[in-house]
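Each chain, letter by letter, is given below.
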Amino acid sequence: MRPLAKAAADIARLDPRRFEGRVTGVNGLVVEASGPAEALSVGASATILGAQRTRAEIVGFRGERALMLPIDVPDAIRPGARVLLDGAAPTLSPSHAWLGRVVDAFGRPIDGKGALAQGPAARAISAAPPPAHARARVGARLDLGVRALNIFAAVCKGQRMGVFAGSGVGKSVLLSMLARNAAADVIVIGMIGERGREVREFIDDTLGVEGLARSVVVVATSDEPAARRRLAPKTACAIAEHFRDQGLDVLLLLDSVTRFALAQREIGLAAGEPPTTRGYTPSVFAELPKLLERAGPGLEQRGGKTGSITGLFTVLVDGDDHNEPIADAVRGILDGHIVMERAIAERGRYPAINVLKSLSRLMPMCHSDAENALVARARALMSVYAEMEELIRIGAYKAGADAEIDEAIRRRAALEDVLRQERDEDSDFAESFAMLAKALEK
């Protein structure tokens, strides 16, 4: 009887009315349409009927006309073309059958493995974050399997971190290490604005069979319309929320927030918003917290396990400028930042994480007192070496002049070995701190 009851409820929600409008103009990326006012609302979906059906989203108004941004490639749109005003915002129905699958911004399979089994309930793609006062506290520390992060930027379950790096510094490889090694129940990966060539390479080679088996990958490549690139991160969040609500610990990897912001900027400018810093529109900075706050602990459960979404969001810094507008805004929203530097990658040490510039705001509560003492000692030695590095390299520093500098030089190689990790190598907390303690004892 349960399927019949669900079908009856779905039928009861159907609106027998059908609203239509007409295309009145096309200006750049924006399609203008007229129609009944009660069917026009920002965020609602529509379908333009021409030589082919083109889905669109209403993003604003100009007078009484709706401004629509095509979600599909806008070919063969003619003046006066019929517009079906669907009204409702897009939804999806995730289930455990989605694990190991690759989907698009609408949750439709694109991996050639057949149809996806749908869950029992539809979930809005553009949902609000849970109420702050009703959320559970962050949980225990999450083993990420990467030594540099486990030691110097430890993450608690439900924490949100940013990964800040320029292009070609190793973000994708770091994400693949996290997807394979992190001690999470489910991994949800959002690939936003990626090169089409890199999608198969990431899934087949970088992520691998083992990583994909417990993951759901959401893809919106760089050639897709801006509306899809803006929708895909929200789809990834909606899928992660489904598993979180089942009491599971989810790791959400979103690459990248910058491309989401670029898509929102493209939409905002097309809708007539004024450009601000570096051309970003006000809606970009309004949308960022709405997206990023969706990660975190779930609603506190009195009975049963409370699920969580631990979010790692990459930020593609423009010109290696870590203070550019998007990086600055994201850093202020999240619970810490992981900084990857080109100079470290050029030295051949991967992952190229600058642990002195990286920060986890919840790390002190993640580690024991003994572990925090080891971290503080290692940070102090690396900081001393960083301050004197240029003098040391040109031979201006003479051994014996300062005992602390001498110790920093002596332990430099061992500490670099702690931070260096191969792509296929896994390192849990016990192994990571054992290696650090050994490096400080030499």
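Refer to the structure printed above.
Remember, it's a predicted structure, so these values are computed and weren't measured experimentally.

Caption draft 1: Expanded view of the sheet that holds strand β1 (residues 19-27). In space, the six strands of this closed barrel follow the order β1-β2-β5-β4-β3-β6, with antiparallel pairing throughout. Between one strand axis and the next, the sheet turns through 45° on average, direction left out of account. Bridge analysis of β1 against strand β2 (residues 30-34) gives five bridges, and the strand direction is antiparallel. Looking at β2, one finds that V26 is bridged to V31. Relative to strand β4 (residues 53-62), helix α5 (residues 226-245) is tilted by about 85°, and along the sheet it contacts β4 and β5 (65-70).

Caption draft 2: Representation of unusual backbone geometry. Looking along the chain, the bond that leaves D255 and enters S256 is cis, with omega of 10°. You can see S256 is positioned in the loop between β15 (249-255) and α6 (257-270). Cis peptide bonds are those with omega within 30 degrees of zero, and the linkage from Y350 to P351 qualifies with -5°. With respect to the secondary-structure elements, P351 resides in the loop between α9 (342-346) and β19 (359-360). Not every positive phi belongs to a glycine, and R278 is a case in point at roughly 50°.

Caption draft 3: Representation of the packing of helix α7 (residues 282-292) against helix α8 (residues 325-333) in the model. With their axes 10 Å apart at the nearest point, α7 and α8 run at an angle of 40° to one another. Classed by the angle they form, the pair α7 and α8 counts as oblique. Where α7 crosses over α8, the two elements pack in a sense that is right-handed. When α7 is examined against α8, the residues V284, F285, L288, P289 and L292 are found in contact with a partner set consisting of P325, I326, A329, V330 and I333. The residue inventory of the contact of α7 with α8, partitioned by class, reads 10 nonpolar, no polar and no charged.

Caption draft 4: Main features of the pattern of salt bridges. Evaluated as defined, the whole model comprises 38 salt bridges. In this structure, the salt-bridge partner of K157 is D249, at a minimum N-O distance of 3.4 Å. Placement of K157 in the loop between β11 (155-156) and β12 (160-165) and of D249 in strand β15 is noted, with a sequence separation of 92 residues between them. With a relative accessible area of 24%, K157 lands in the partly exposed category. Between D417 and R420 there is a salt bridge, with its nearest N and O atoms 3.0 Å apart.

Caption draft 5: Region of interest: the layout of surface pockets. Computed from the structure, the largest pocket encloses a volume of approximately 520 Å³. Together, 30 residues line the largest pocket, and E57, S126, R230, K234 and E287 are the ones closest to its centre. Taken together, the elements giving at least two residues each to the lining of the largest pocket come down to β4, α5, α6 and α7. By residue number, the principal contributor to the lining of the largest pocket is β4, which donates five residues. Of the residues assigned to the lining of the largest pocket, the class counts are 16 nonpolar, six polar and eight charged.

Caption draft 6: Geometry of α7. Every buried residue of α7 is listed here: S283, V284, E287, L288, L291 and L292. Along the axis of α7, the buried positions cluster into a sector of 145°, meaning they face one direction only. Looking at the buried positions of α7, the neighbouring elements they touch are β12, α5, β15, α6, β17 (308-316) and α8.

Caption draft 7: Representation of the environment of R197. Among the secondary structure elements, R197 is positioned in helix α4 (residues 196-213). Given a relative accessible area of 51%, R197 falls into the exposed group. Sequence separation of R197 and I71 is 126 residues, and the distance between their C-alpha atoms is 22 Å.

Caption draft 8: Geometry of the pairing of strand β14 (residues 215-221). Among the seven residues of β14, seven are classified as buried, and the element is accordingly described as predominantly covered. Every second residue of β14 is oriented toward a common face, with S215, V217, V219 and T221 on one face and V216, V218 and A220 on the other, all of them buried. In the sheet, strand β8 (residues 101-103) pairs with β14 via three bridges, with the strands oriented parallel. Considered in β14, the bridge of V103 is made with V218. Bridge analysis of strand β13 (residues 186-194) against β14 gives seven bridges, and the strand direction is parallel. Among the inter-strand pairings, G190 is bridged to a residue of β14, identified as V218. In this fold, β13 hands off to α4, which returns the chain to β14; that crossover is right-handed.

Caption draft 9: Fine view of a negative patch on the surface. A contiguous patch of negative charge on the surface is contributed by E210, D426, D428 and E431. Here E431 lies in helix α13 (residues 429-441). On the basis of relative accessible area, E431 is assigned to the partly exposed category, the value being 38%.

Caption draft 10: Quick look at the pairing of β12. β12 sits mainly inside the fold: six of its six residues count as buried. In β12, alternate side chains face the same way, and those of R160, G162 and F164 on one face and M161, V163 and A165 on the other are all buried. With six bridges connecting them, β12 and β17 associate as parallel partners. Paired with M161 across the two strands is L312, which belongs to β17. The pairing of β12 with strand β18 (residues 336-339) spans three bridges and is classified as parallel. Considered in β18, the bridge of G162 is made with H337.

About the thresholds
- Residues numbered from 1 in each chain as written.
- Predicted model: local features only at pLDDT ≥ 70, side-chain atom pairs only at ≥ 80, totals over all residues.
- Heavy atoms only, no water.
- Pairing = 2+ DSSP bridges.
- Helix = DSSP H or I, 4+ residues; strand = E, 2+ residues; numbered from the N terminus.
- Axes fitted to C-alpha atoms, helices over the stretch in contact; angles between N-to-C directions.
- Contact = heavy atoms within 4.5 Å.
- Parallel < 35°, antiparallel > 145°, perpendicular 65-115°, else oblique.
- Left-handed = near helix turned anticlockwise from the far one by under 90°.
- Nonpolar A, V, L, I, M, F, W, Y, C, P; charged D, E, K, R; others polar.
- Salt bridge = Lys/Arg side-chain N within 4 Å of Asp/Glu carboxyl O.
- Buried < 20%, exposed > 50% of the residue type's maximum accessible area, 1.4 Å probe, protein only.
- 1 Å grid on protein atoms, 1.4 Å probe; cavity = no way out; pocket = protein on both sides within 12 Å on 5 of 7 lines; lining within 4 Å.
- Points joined across faces, edges and corners; volume = space filled by probe spheres on them.
- Arc of directions from axis to C-beta.
- Right-handed = clockwise from strand over helix to strand, strands pointing away.
- Patch = residues over 30% accessible without salt bridge, like charges linked within 9 Å, V, L, I, M, F, W, Y side chains within 5 Å.
- Areas by Shrake-Rupley, 256 points an atom, 1.4 Å probe, with all protein chains shown as cover.
- Lys, Arg positive; Asp, Glu negative; His and termini not counted.
- Charge placed at Lys NZ, Arg CZ, Asp CG, Glu CD.

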